[in-house]
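# Observations on the three-dimensional arrangement
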Amino acid sequence: MADFDDERIASLTQRKKTATLDRFLTFAGLALAGASAFFPWYVFFNADKFGIHVATSSNSRELPDWPARNVFSVSPLAMVNKNEAAKKAPPVDPLTTATVSDLGKQRDGGAMLEDQPFPGKSSFRLLHVSNGRALIEDPSGMYVVRIGSVLPDESRLAMIEQREGKWVIITSKGDIYKND
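Along each chain, the written sequence defines residue order, and numbers are assigned to residues from 1. Selection of residues for local features in this predicted model requires a pLDDT of at least 70, selection of side-chain atom pairs for listing and counting requires 80 or more, and totals for whole chains, interfaces and linings are taken over all residues. Note that the side-chain values use all heavy atoms of the structure and ignore hydrogens as well as water.

Moving on to the packing of aromatic side chains. The rule is short: rings of Phe, Tyr and Trp, with Trp giving its six-membered ring, pair when the centres are within 6.5 Å, and they are stacked under 30 degrees, edge-to-face over 60, tilted in between. On inspection of all chains with the given rule, the structure shows 7 aromatic pairs. Ring centres of Trp-41 and Phe-44 lie 6.2 Å apart, and the angle between their planes is 85°; on these two criteria the pair is classed as edge-to-face. Of this pair, Trp-41 and Phe-44 both sit in helix α1 (residues 2–45), separated by 3 residues, roughly a single helical turn. Accessible area is worked out with a 1.4 Å probe on protein chains only. A residue is then buried under 20% of its type maximum, exposed over 50%, and partly exposed in between. For Trp-41, a relative accessible area of 52% puts it in the exposed group. A centroid spacing of 5.2 Å and a plane angle of 75° characterise the contact between Phe-44 and Phe-45, whose relative ring orientation is edge-to-face. Numbering of helices and strands runs from the N terminus; a helix is a DSSP stretch of H or I covering at least four residues, while a strand is a stretch of E covering at least two.

Encoded structure:
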């Protein structure tokens with residue numbers, strides 16, 4: 001019988017510990033829920049403590065008053081090297097078309113190199129000019145180019161100028177594209 005009383009006492013002690021732990025967890029959960037509900041309001045009413053503070057600076061954002069630089073009509077990058085034109089490599093078809101070239105074969109007693117132009121002229125249009133750069137568009141996308149940049153028609157941008165109130169770009173091939 002003594003063993004039975006010891007078991008009941010141990011069981012009651014265990015239940016009491018469990019009930020105390022359950023109460024503690026319940027109150028802790030309620031306190032955490034209350035703090036979670038209150039915290040956004042605390043931040044809202046105390047925005048000066050939680051806001052983004054911008055550091056003040058005495059640096060000015062004005063452009064420096066430097067003397068103007070000379071402007072050249074054609075960039076050295078846009079000039080075509082005439083020596084490279086004399087050493088012109090045989091044309092290579094950059095597209096995989098499953099065709100066989102006739103470049104190494106003899107025709108009519110002599111070797112014949114054929115110039116194979118790209119089918120159709122790559123056209124693009126001038127959209128906008130700003131800060132020495134031009135925004136152009138062709139069927140594959142939009143590009144920002146400057147003097148010396150390679151254009152979609154495989155020429156280089158030689159000059160950007162304003163004619164009759166509209167911007168134009170001139171390529172190394174001499175083509176002129178106007179801003180519409």
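The score called pLDDT rates the predictor's confidence residue by residue, from a low of 0 to a high of 100. Per-residue confidence for the protein chain gives a mean pLDDT of 76; residues scoring 70 or more make up 60%. By mean pLDDT, the top-scoring element of the protein chain is strand β7 (residues 166–171) (89), and the lowest-scoring one is strand β2 (residues 110–111) (50).

Moving on, we get to the pattern of salt bridges. For salt bridges, the criterion is a side-chain nitrogen of Lys or Arg within 4 Å of an Asp or Glu carboxyl oxygen. A complete count under the given rule lists 2 salt bridges for this structure. For Glu-137, the salt bridge identified is with Arg-125, shortest N-O distance 2.9 Å. Of this pair, Glu-137 sits in strand β4 (residues 133–138) while Arg-125 sits in strand β3 (residues 125–130); the two residues are 12 residues apart in sequence, bridging distant segments of the chain. By relative accessible area, Arg-125 is classed as partly exposed at 46%. Notably, a salt bridge pairs Glu-161 with Arg-163, separated by 2.5 Å at the nearest N-O pair. Overall, Glu-161 belongs to the partly exposed group, its relative accessible area being 23%. Residue Arg-163 is classed as partly exposed on the basis of its relative accessible area of 35%.

Now for the nonpolar core. Counting residues in each nonpolar core, the largest one holds 11 residues, listed as Phe-124, Leu-126, Val-129, Ala-134, Ile-136, Val-145, Leu-151, Leu-157, Ile-160, Ile-169 and Tyr-177. Elements supplying a minimum of two residues to this core: β3, β4 and β6 (157–163). Nine residue types can take part in a nonpolar core, namely buried Ala, Val, Leu, Ile, Met, Phe, Trp, Tyr and Cys, and a core is a set of them joined through side-chain atoms within 4.5 Å.

Attention now moves to the sheet that holds β6. Two strands qualify as a pair provided DSSP detects at least 2 bridges between them. Reading across from one edge, β6-β7-β8 is the order of the 3 strands in this open sheet, with antiparallel pairing throughout. The open sheet has two edge strands with one neighbour each: β6 and β8 (176–178). Between one strand and the next, the sheet's axes are offset by a mean angle of 25°, whatever the strand orientation. Taken together, the 6 bridges between β6 and β7 define a ladder with antiparallel strand orientation. Only the stretch in contact is used when a helix axis is fitted, and all axes are lines through C-alpha atoms; the angle between N-to-C directions ranges over 0 to 180 degrees.

Of note, Asn-131 is a non-glycine position whose phi angle comes to about 55°, a positive value. Relative to the helices and strands, Asn-131 is located in the loop between β3 and β4. Phi angles above zero are rare outside glycine, and Glu-164 is one such case at about 55°. By relative accessible area, which is 84% here, Glu-164 ends up exposed.

Our focus in this paragraph is the UniProt feature "transmembrane region" (unreviewed entry) in the protein chain. The sites that carry the UniProt feature "transmembrane region" (unreviewed entry) are, in the present numbering, residues 24–44. This span, residues 24–44, is 100% helix and 0% strand, and a straight line between its end C-alpha atoms measures 31 Å. UniProt positions are given in the numbering used here, feature names are shortened, and annotations may be inferred rather than shown by experiment.

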